[in-house]
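# Close look at the chain arrangement
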Amino acid sequence: MEIELLQVMDALPGLVWTALPDGQVDFLSRSWCEYTGINAEIILQHWQDAIHPDDLPELLERWGAGLASGEPREVDARLRRFDGEYRWFLIRTRPIVDATGRLVKWCGLNTDIEDRRRMEALLAGETELLEMVAGGRPMPLILEWLCRLVESVTVGCYCSIAVMQPGTTRLEHCAAPGLPREFIGSIMDASLASEPFLSAAQSTKQVIVTDLLSDPRWEHCSWRPVAEKRGIRAYWSIPVVSASGKVMGVCSIYYDNHRTPVPFDHGLIEQISRIASVVVERTQNDATLRRSEAFLAETRRLSSTGGFTKRVSTGEIIWSEEVYRMFEFDPNRPVTLDMIRSRVHPEDRLSFEDMLDRQQRALDYEHEYRLLMPDQSIKYMHVVAHATKDSSGQLEYIAAIQDVTERRRSEVALIEARSELARVARASSFGVLTASIAHEVNQPLSGIITNASTCLRMLGADPPNLEGACETARRTIRDGNRASDVIKRLRALFGKTDATMESVDLNESVSEIITLFRSELHRSRVALQMELAASLPLITGDRVQLQQVILNFILNALEAMGGIDDRPRQLFVKTEHDADESVRVSVADTGPGFGTDDPARVFDAFYTTKPGGMGIGLSVSKSIIDNHEGHIWATANKSGGATFSFAIPTHQKQRKGAFGRSASWVAGVTDMPKFK
Ligand code: ADP
């Protein structure tokens, strides 16, 4: 062969060879011999020895088939290098024919495809790893798989990965399928801190130790003898860094022989660190997400809260699992408005439709309604909804819905307990009061009786004892005054304003009392109508005392309607701003009214028409209102029942004393207040 041609063949990036038409190899380029490290003459006869035994049968078969057909062929096979390492080659054969078309020779070119094959394997491995990540496989399993991948693409190496525990600077061993536990333990041992592994984590830079025995940096490293004992010669540590630059772990590759990274190794290092960072970041994020989802689910369960979205234009509603549970519907059934309506309590249907109307106006809203479940139980739902636009600009509601049944039940129980308490307090304080009044008044009264009879006896004597009679008459007067003082003191006690004078919103005061009475009204089958004047001016007064008056009006009204069964029991509560710059509160009922009695008498102390009555409530109320410079009065309604009112001027005089002075109240006949 021409010298020049030989030179060209040696310069080609591959191993060139030729063979006779019968397949016998008659030429191998110098690069062929150099690669295998075998003498040209020997290799010509024994080229098959350089082929990996696993790949030889297929190679021979394909080579034979090519010879028979005279067609070109391509086959992959591993060729042993001079140092014993096998590398993958693509072996291509081409027939060479003369001018007449006769086969004269075979020409072959073997190209080193080891790096390409490794990269392909790495790429396929990467795809598989990412699928594992997406499939939510556990992190240690995925990292172990990554280690195996690294070990499979590089001969004579072991791989280990340690992961930084979230929120700490603690590295924990995660995977090292090819290394014994004790050895991994030695890497993780903090007392060997200066070894390359920790150095990579701290500096966030790769640490490449090409020869552990000769590298002066690790000469005094306490880990070196451990590594040496295990037969480690080269050691590369690669930090696993997140997208934001945070160290999330360290990937280490150990070699039995000293080793300097070649371009393929650099590519490998880059790829491993990238894959590991995706795996760690993603699995840690997933874990955090799962934790917060579980936390959210638990919170939702504990607070009985669910969520839903509603696209207003299409009416499409999407419920969370919790809402399905609350409504007791099959979670596999798409929810419709009619399904929801079928659960809404009949009494709340109007307000529910009203809420749907509000949705059309794109307003945020809060709403409470009841559900009547198939077993006739009642649930209270509280909805808070926020209007927003979806990605296509359509109006959408995002809402939280909470089952507040328990809360409502305890509120009702609380209100019942409170109103019961109010009743008991009233009864017991009246009881105590009665005893004390009886005691106080009884003494002067018996004095009066004794004195009067003594007086009579003295006058009837013969001769009449005028002086004695005068004296006993004087004592009678004294006892009479004492009795009257007792009454005065009582009134003073009730009218006393040791409480604070403050700005009072009577609408608010009325609402508070009504809240207390809701369950009582319900129990007594009394329908309530309220009409609270808008922008009612504030008055100055004792809020608690004024509420006592309102409470008294309402309790009396309820007691008055207790025996009414031939007509609806209705309670009307109204506030007004009167023309004379006073604020009025009226409580009307559909009870029996006053009959032929003068309504004005009800404010007299001890006036009562009830068997167990005290006749004190209204008299005390009068004292309170007097003390506020206001008026209190009662009227009989034309259509039956009574109306009790009080009015407090918005501009009161500065009050100095503790007691009200005048009892200026009016009584008359009016119609029922006009409520809407
Ligand atoms: P008591 O309720 O203990 O009788 P009050 O001073 O509160 O004491 O009431 C005095 C009286 O006024 C009652 O006994 C009753 O005759 C009359 N009264 C009070 N409120 C009404 C009402 N809403 N309808 C009819 N009569 C009433």
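Here the residue index of a chain counts from 1 through its sequence in written order. pLDDT decides what is reported in this predicted model: residues at 70 or higher carry local features, side-chain atom pairs at 80 or more are listed and counted, and totals for whole chains, interfaces and linings draw on all residues regardless. The side-chain numbers reported here are obtained from all heavy atoms of the structure, hydrogens and water having been left aside.

## Some thoughts on the side chain of Asp-542
In this fold, Asp-542 is placed in the loop between strand S18 (539–541) and helix H17 (543–561). Buried and unpaired, Asp-542 has Arg-543 as its nearest opposite-charge partner, separated by 7.1 Å. Put simply, DSSP marks the helices as runs of H or I at least four residues long and the strands as runs of E at least two long, and each gets a number from the N terminus on. Per-residue accessibility, obtained with a 1.4 Å probe over protein chains only, is compared with the maximum for each type, and a residue is labelled buried under 20%, exposed over 50%, and partly exposed between these values. For the charge count, each Lys or Arg is scored as positive and each Asp or Glu as negative, with His and the chain ends excluded. Any Lys or Arg side-chain nitrogen found within 4 Å of a carboxyl oxygen on Asp or Glu counts as a salt bridge.

## Some points on the sheet that holds strand S15 (residues 395–403)
A pair of strands is considered paired only if DSSP assigns at least 2 bridges between the two. An order of S12-S11-S15-S14-S13 is seen for the 5 strands of this open sheet, with the pairing classed as antiparallel. The sheet is open, and its two edges are formed by strand S12 (316–319) and strand S13 (365–372), each paired on a single side. The mean angle between the axes of side-by-side strands here comes to 25°, regardless of whether they run parallel or antiparallel. Relative to S15, strand S11 (residues 305–311) is paired through 7 bridges, and the arrangement is antiparallel. Looking at S15, one finds that Lys-310 is bridged to Tyr-397. The strands touched by helix H13 (residues 349–360) are S11, S13 and S15; relative to S13, the strand with the most contacts, the crossing angle is about 145°. Note on geometry: axes are C-alpha line fits, over the in-contact stretch for helices, and angles between N-to-C directions span 0 to 180 degrees. Between two residues, a contact is recorded if the distance between any of their heavy atoms is within 4.5 Å.

## Looking at unusual backbone geometry
Between Asp-462 and Pro-463 the backbone carries a cis peptide bond, its omega angle lying at -5°. Relative to the elements of secondary structure, Pro-463 occurs in the loop between helix H14 (405–460) and helix H15 (466–495). In this structure, Arg-525 takes a positive phi of about 55° despite not being glycine. Taking the relative accessible area as the measure of exposure, Arg-525 reaches 58% and is therefore exposed.

## A closer look at the site of the ligand
It suffices for a single heavy atom of a residue to lie within 4 Å of a molecule or strand for the residue to be listed as near it. Residues in close proximity to the ligand total 20 residues, the closest being Asp-589, Thr-608, Thr-609, Lys-610 and Leu-618. Polar contacts here mean pairs of N or O atoms no more than 3.5 Å apart (in protein, one a potential hydrogen donor and the other a potential acceptor; neighbouring residues in sequence count only if both atoms are side-chain atoms). In the model, an oxygen atom of the ligand is placed 3.0 Å from a nitrogen or oxygen of the Asn-556 side chain. One of the backbone nitrogen or oxygen atoms of Gly-617 is found 3.3 Å away from an oxygen atom of the ligand. All accessibility values rest on the Shrake-Rupley procedure with a 1.4 Å probe; residue burial counts only the protein chains present in the view. Contact with the protein chains removes 95% of the 530 Å² of surface that the ligand exposes when unbound. Elements supplying a minimum of two residues to the shell around the ligand: H17, helix H18 (617–627) and strand S22 (642–649). Classification used: nonpolar for Ala, Val, Leu, Ile, Met, Phe, Trp, Tyr, Cys and Pro, charged for Asp, Glu, Lys and Arg, polar for all others including Gly. Tallied by class, the residues present in the shell around the ligand amount to 10 nonpolar, 8 polar and 2 charged.

## Focus: empty space enclosed by the protein
Cavities and pockets were defined on a 1 Å grid built over protein atoms only: a cavity is a set of grid points that admits a 1.4 Å probe from which the probe cannot escape, a pocket is an open set flanked by protein on both sides within 12 Å along at least five of seven lines, and lining residues are those with an atom within 4 Å of any such point. Grid points are joined across faces, edges and corners, and a volume is the space filled by probe spheres set on the points. For the coordinates displayed, the defined rule picks out 4 cavities of 30 Å³ or more. Counting only elements with at least two residues in the lining of the largest cavity, the list comes to strand S2 (25–28), helix H4 (56–69), strand S3 (73–80) and strand S4 (86–97). For the lining of the largest cavity, the class distribution of residues is 10 nonpolar, 2 polar and 3 charged. What lines the second largest cavity is a set of 14 residues, and nearest its centre among them are Phe-308, Ile-340, Phe-352, Met-355 and Tyr-369. Of all the secondary-structure elements, those providing two or more residues to the lining of the second largest cavity are S11, S12, helix H12 (337–343), H13 and S13. The element that contributes the greatest number of residues to the lining of the second largest cavity is H13, accounting for 4 residues.

## So, the packing of helix H5 (residues 114–134) against helix H6 (residues 139–153)
Two elements in contact, H5 and H6, have axes whose closest approach is 10 Å; the angle formed by their N-to-C orientations is 175°. Viewed along their axes, H5 and H6 adopt a mutual orientation that is roughly antiparallel. Only Leu-141, Ile-142, Trp-145, Leu-146, Leu-149 and Val-153 of H6 make contact with H5, whose side of the interface consists of Arg-118, Ala-121, Leu-122, Gly-125, Glu-126, Glu-128, Leu-129, Met-132 and Val-133. Each residue belonging to the contact of H5 with H6 can be placed in one class, and the counts come to 11 nonpolar, 1 polar and 3 charged. Note on angle classes: values under 35 degrees are labelled roughly parallel, values over 145 roughly antiparallel, values of 65 to 115 roughly perpendicular, and the remainder oblique.

## Quick word on the pattern of salt bridges
Under the criterion given, the structure shown has 41 salt bridges. One salt bridge connects Lys-105 with Asp-26, and the closest N-O pair in it is separated by 2.4 Å. With Lys-105 in strand S5 (residues 103–112) and Asp-26 in strand S2, this pair connects stretches of sequence that are 79 residues apart. With relative accessibility at 29%, the residue Asp-26 sits in the partly exposed group. Linking Arg-325 and Glu-321 is a salt bridge whose minimum nitrogen-to-oxygen distance equals 3.9 Å.

## Brief notes about the packing of H6 against helix H10 (residues 263–302)
Relative orientation and spacing of two packed helices are given, respectively, by the angle between their axes and the distance between those axes. H10 packs onto H6 with a crossing angle of 170° between their chain directions and a minimal axis gap of 10 Å. Taken as axis vectors, H6 and H10 run roughly antiparallel relative to one another. Each of Met-139, Ile-142, Leu-143, Leu-146, Val-150 and Val-153 in H6 lies in contact with H10, whose residues at this interface are Phe-264, Leu-268, Ile-272, Ile-275, Ala-276, Val-279, Val-280, Thr-283 and Gln-284.

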